[in-house]
Amino acid sequence: RGTVTAFSPFDARADAEALRKAMKGMGTDEETILKILTSRNNAQRQEIAAAFKTLFGRDLVDDLKSELTGKFETLMVSLMRPTYIFDAHALKHAIKGAGTNEKVLTEILASRTPAEVQNIKQVYLKEYEANLEDKITGETSGYFQRLLVVLLQANRDPDGRVDEGLVEQDAQVLFRAGELKWGTDEEKFITILGTRSVSHLRRVFDKYMTISGFQIEETIDRETSGDLEKLLLAVVKCVRSVPAYFAETLYYSMKGAGTDDDTLIRVMVSRSEIDLLDIRQEFRKNFAKSLYQMIQKDTSGDYRKALLLLCGGDDE
């Protein structure tokens, strides 16, 4: 359900030559660069980079960095990052240096499948010779850290037959841990939301509403705060619908004054081959405007052109 698919007929050498020509000599032909890179899928972009090195003895990403600037450069370089490295790289940057970018940790670890999380951990170890869990625990604390660690285990129950008895039990446990308790038993929320299967949790949320009269999101909002609250809410939203979660993430990256370009680029690039069509549908349904229109209004120049091409169409 991605907007970017394999381009056909594909010729890596021809693309490499066109890109070299676009960057050689005085001035840069940004239009050619953005058209090629947004219309090839990631595997094809890697082939283009290999052809570029073979033909010219130059590194395509280095050339892009020296020829382009600003957000447009960031977007083009992000498109060139191999898919399997993308999340590991984003996490590495979220935890390096002063201060941690909790938003990135939350977005990636709440939305990825257990198989994707296992893959991220392996790639992280291979690329950066470091254990992702150790790095994250070194930079976070409290219940926020504990839920991240649970998610990093990638041991969520596989989807299967839902046991109604256990659904009832989990809903009661959450009710007693939150609404019925003076203070909150965060541990119960962490265990249930971090380990149960997606189909089971969807039933738990319905049952919770029946028992308590509240949506689980309302309880989390009232009973927790800070980074833990944001992470619990992200997990709940992703259990309900990953595309809806990303539609909301994109909306808030552009709403109001200023744009959170890092988030906008990260989501557009990472979901472009997975579910951006579904994200666009959810966006239209929930925010009374299309993703395309919002990008158009909120960005400019070649950066805007490239994002609109990745978006792949307007849902009037």
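About the criteria used
- Residues numbered from 1 in each chain as written.
- Predicted model: local features only at pLDDT ≥ 70, side-chain atom pairs only at ≥ 80, totals over all residues.
- Heavy atoms only, no water.
- Axes fitted to C-alpha atoms, helices over the stretch in contact; angles between N-to-C directions.
- Helix = DSSP H or I, 4+ residues; strand = E, 2+ residues; numbered from the N terminus.
- Parallel < 35°, antiparallel > 145°, perpendicular 65-115°, else oblique.
- Contact = heavy atoms within 4.5 Å.
- Nonpolar A, V, L, I, M, F, W, Y, C, P; charged D, E, K, R; others polar.
- Domains from an automatic or database assignment.
- Buried area = accessible area lost by both parts, 1.4 Å probe.
- Salt bridge = Lys/Arg side-chain N within 4 Å of Asp/Glu carboxyl O.
- Core = buried A, V, L, I, M, F, W, Y, C linked by side-chain atoms within 4.5 Å.
- Buried < 20%, exposed > 50% of the residue type's maximum accessible area, 1.4 Å probe, protein only.

Peer 1: It is not clear to me how the packing of helix H13 (residues 198-212) against helix H15 (residues 226-240) should be interpreted in this structure. Could you clarify?
Peer 2: Helix-helix packing is described using two parameters, namely the angle between the two axes and the distance between the axes. Close contact between H13 and H15 brings their axes to 9 Å; oriented N to C, the two are set at 105°. With respect to H15, the element H13 is oriented roughly perpendicular. Contacts between H13 and H15 involve Val-198, Leu-201, Arg-202 and Phe-205 from the former and Val-236, Val-239 and Arg-240 from the latter. Residues of the contact of H13 with H15, tallied by class, amount to five nonpolar, no polar and two charged.

Peer 1: What's the story with unusual backbone geometry in this structure? I'm lost.
Peer 2: As a rule of thumb, non-glycine residues mostly have phi less than zero, and peptide bonds are mostly trans rather than cis. Cis geometry is found at the peptide bond from Ser-8 to Pro-9, where omega equals -5°. A positive phi is found at Ala-154, a non-glycine position, where the angle reads about 55°. In this structure, Ala-154 sits in the loop between helix H10 (142-153) and helix H11 (164-177). Unlike most non-glycine residues, Ala-288 shows phi in positive territory, near 55°. Among the secondary structure elements, Ala-288 is positioned in the loop between helix H18 (276-287) and helix H19 (291-298).

Peer 1: Any chance you could explain the domain arrangement of the protein chain here in plain terms?
Peer 2: Bring the parts together and some accessible area is lost; that lost area is often taken as the interface size. In terms of domain boundaries, the protein chain breaks down into domain 1 (12-84), domain 2 (85-153), domain 3 (164-240) and domain 4 (244-295 + 306-311). Centre-to-centre separation of domain 2 and domain 4, based on C-alpha positions: 23 Å. Taken together, the contact pairs eight residues of domain 2 with 10 residues of domain 4. Both faces combined, the contact of domain 2 with domain 4 buries some 780 Å², and carbon together with sulfur accounts for 57% of it. Together, Phe-86, Glu-107 and Arg-112 form the three largest contributors to the area buried by domain 2 at its contact with domain 4, with a combined 60%. Put simply, domain 2 and domain 4 have two salt bridges between them.

Peer 1: Before we go on, may I ask you to explain the nonpolar core in this structure?
Peer 2: Burial of nonpolar side chains together is a common tendency in soluble globular proteins. Within the largest apolar cluster, 97 residues are counted, with the highest numbers of intra-cluster contacts made by Met-76 and Met-268. The element that contributes the greatest number of residues to this core is H15, accounting for nine residues. Excluding residues within four positions of it along the chain, Met-76 makes contact with Ile-33, Leu-34, Leu-37, Thr-38, Leu-68 and Ala-306.

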